[in-house]
Amino acid sequence: MLRFLTIRIGSAIPVLLILSVVTFAIIQAPPGDYADYIRSQLMNQGGASFEQAEAQAQAYRIEHGLDKPLVVQYFNWIGGIVTRGDFGYSFYYNKPVADVVGERLPRTIALALVCHIFASVLGIGFGIWAATRQYSWVDNLLSTVAFLGMTIPRFLMALILVYLMVFHFDVSEIGSFFSPQYGGAPWSWAKFVDLVSHVWPVVAIAVFGGLAYNMRVMRGNLLDTLNAQYVETARAKGLSEGAVIMRHAVPNAVHPLVMYQGVVLPYMLSGEIETAIIFALPTVGPAIVGSMAVGDVYVTATFMMVLAATLIIGNIIADMLLAMLDPRVREFGRA
């Protein structure tokens, strides 16, 4: 297992480097930079003339290296990461990029993990329930729920939910994790309840899409597995139907969902990002959109690299889980 882990981590390094080049080039492709944003702000809000604003913008470019060629900017950025752990400086937030990521990424990952746990438990459970009651009203109802969860865009569900909360239920505290009285207060049960009351729409929407996929895959695989010869043999030995399903059928039917864990964290992160943008929560999503809008390239590039790293880490974890679950994978790995 250690050898496998070492090989996978070693192969991930060149992948991340290639992704960093592609990401940086794509982000820098549109015309303009943060100095152009400064120029427009000086002209629109500061009342400066074009010449004055352009002079200050050019001075800002020179001071922060934005006037250098794209290749030089990239190597300065990636060199700072490799040698000093420095992800650059955020022009828009006026602080190191590491601080911006440190403030927003833990919240985002925590939300994504909560969504993933609920989506996996509910999706697999509903999938087993539907497969063992094929063509019943329960199966039809759950299949309809899964179809809706996979077809309705998450941003559309978020917009509808925001509209209902604001205009029909008079909810005013949208765009924050806590109410004002709990913002700097120590953790307590009341603060936790307040947190749940603020983030439940984001969690509900992300979980709805995730459990739909888990449920459909689990139902289809379990139906195929229940007709396998070894399952019929287990029944012939006199095992109860519950033991046949949970001890023999489910562990084999769950393999594709274990492999799905390789992409589930980026998937949940993207689902949280879409929804958090609509709800304006201070997480990764609004930071990516805001930094892209003003040309804050180092923030955008760093967050994109973080998402790529979660995909690689997720695939490594999925391979390890599959090896622990399936003895055939372990034997193949030794061969």
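Note: the structure precedes this text.
Calculation notes
Residues numbered from 1 in each chain as written. Predicted model: local features only at pLDDT ≥ 70, side-chain atom pairs only at ≥ 80, totals over all residues. Heavy atoms only, no water. Axes fitted to C-alpha atoms, helices over the stretch in contact; angles between N-to-C directions. Helix = DSSP H or I, 4+ residues; strand = E, 2+ residues; numbered from the N terminus. Left-handed = near helix turned anticlockwise from the far one by under 90°. Contact = heavy atoms within 4.5 Å. Nonpolar A, V, L, I, M, F, W, Y, C, P; charged D, E, K, R; others polar. Phe/Tyr/Trp six-rings, centres within 6.5 Å; stacked < 30°, edge-to-face > 60°. Buried < 20%, exposed > 50% of the residue type's maximum accessible area, 1.4 Å probe, protein only. Lys NZ or Arg CZ within 6 Å of the ring centre and 35° of its normal.

Draft legend 1. Region of the structure containing the packing of helix H7 (residues 154–167) against helix H8 (residues 189–226). Relative orientation of the contacting elements H7 and H8 amounts to 145 degrees, with a least axis distance of 10 Å. For the element pair H7 and H8, the recorded crossing hand is right-handed. Where H7 approaches H8, its residues Arg154, Met157, Ala158, Leu161 and Met165 are matched on the opposing element by Trp200, Pro201, Ile205 and Phe208. Of the residues that constitute the contact of H7 with H8, the class distribution is eight nonpolar, no polar and one charged.

Draft legend 2. Examining the packing of aromatic side chains more closely. If you walk through the whole model with that rule in mind, you get 16 aromatic pairs. With 5.3 Å between their ring centres and 35 degrees between their planes, Tyr34 and Tyr37 make a pair best called tilted. Of this pair, Tyr34 and Tyr37 are both found in helix H2 (residues 34–44), three residues apart, which corresponds to roughly one turn of the helix. Summarising the aromatic geometry, the rings of Tyr37 and Tyr92 are spaced 6.3 Å apart at their centres and angled 65 degrees between planes, so their arrangement reads as edge-to-face. Taken together, the residues span a long stretch of sequence, with Tyr37 in helix H2 and Tyr92 in the loop between strand E1 (89–90) and strand E2 (95–96) at a distance of 55 residues. By relative accessible area, which is 39% here, Tyr92 ends up partly exposed. Feature note: the residues Phe24, Tyr34, Tyr37, Tyr60, Tyr74, Phe75, Trp77, Phe91, Tyr92, Tyr93 and Tyr298 constitute an aromatic cluster, connected by ring pairs. Its guanidinium or amino end placed over the ring of Phe178, Lys191 lies 4.8 Å from that ring's centre, counting from NZ or CZ. Its end group placed over the ring of Trp187, Lys191 keeps NZ or CZ at 4.9 Å from the ring centre.

Any link to function would need more than the numbers given here.
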